[in-house]
Amino acid sequence: MGFSRDRLFIGWSPGIFSSRVDSFPVSLSQESTRQLIGSALYAWSRESNLDFKETRTGDADIRVSFVEGSHGDGYPFDGPGGTLGHAFFPGVGSSAGATHMDADESWTYNGKMAGGENHLAAAPPHLF
Ligand SMILES: [Zn+2]
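Please read all numbers here as calculations on a predicted model, not as lab measurements.

### Regarding the sheet that holds strand β1 (residues 15–21)
Strand pairing in a sheet is mediated by backbone hydrogen bonds. Such pairs are either parallel or antiparallel.
Moving on, step 1. Strand order in this open sheet of five strands is β2-β1-β3-β5-β4, and the pairing throughout is mixed. Each edge of the open sheet is held by one strand with a lone partner, namely β2 (50–54) and β4 (85–87). When the angles between neighbouring strand axes are averaged without regard to direction, this sheet yields 25°.
Moving on, step 2. In this structure, strand β3 (residues 62–67) lies alongside strand β5 (residues 98–102), joined through five bridges in parallel fashion. Bridging across to β5, S65 finds its partner in H100.
Moving on, step 3. Set on the sheet, helix α1 (residues 30–46) makes contact with β1, β2 and β3; between it and β2 the angle comes to about 165°.

Structure (structure tokens):
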């Protein structure tokens, strides 16, 4: 599926990173979205030296948001299908640490892959 490979997180030092979900897809509850992002980050942490801890307030190393179309970073989304998301390396700049998921995708809970729907739990590890 269409993840932006040029936006991969590479060269991270081992450590604990905070994550926060800033916005949510219309097709999932906030709690389902948090659980799925959390399990996806956990799956990633098991294959790396990284650890992730969700925070609900303040700044975070990784900020996940569901946005649609052109959203101000020069990498517009393309509606249903195609690109599912992209992520920016943490550091300096307004987009640093931002993880954008295409809000126009039909995100689903728990791997119901029928039709053009996307399995959110499987998406972020490929994204990162
Ligand atoms: Zn973006």
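### With respect to the environment of L36
Moving on, step 1. Assignment of secondary structure puts L36 in helix α1.
Moving on, step 2. A residue is classified by how many C-beta atoms lie within 10 Å of it, and L36, with 23 of them, is buried.
Moving on, step 3. Considering only alpha carbons, one finds L36 and T108, 72 residues apart in sequence, at a separation of 9.8 Å.

### What about the environment of S27?
Moving on, step 1. You can see S27 is positioned in the loop between β1 and α1.
Moving on, step 2. Among the residues examined, S27 registers 17 C-beta atoms within 10 Å and is labelled partly exposed.
Moving on, step 3. In this structure, the C-alpha to C-alpha distance between S27 and D104, residues 77 residues apart in sequence, is 9.6 Å.
Moving on, step 4. The contacts of S27, once residues within four sequence positions are left out, are S106, W107 and T108.

What counts and what doesn't
Residues numbered from 1 in each chain as written. Predicted model: local features only at pLDDT ≥ 70, side-chain atom pairs only at ≥ 80, totals over all residues. Pairing = 2+ DSSP bridges. Helix = DSSP H or I, 4+ residues; strand = E, 2+ residues; numbered from the N terminus. Axes fitted to C-alpha atoms, helices over the stretch in contact; angles between N-to-C directions. Contact = placed C-beta atoms within 7 Å. Buried ≥ 20, exposed ≤ 12 C-beta atoms within 10 Å, placed from the backbone.

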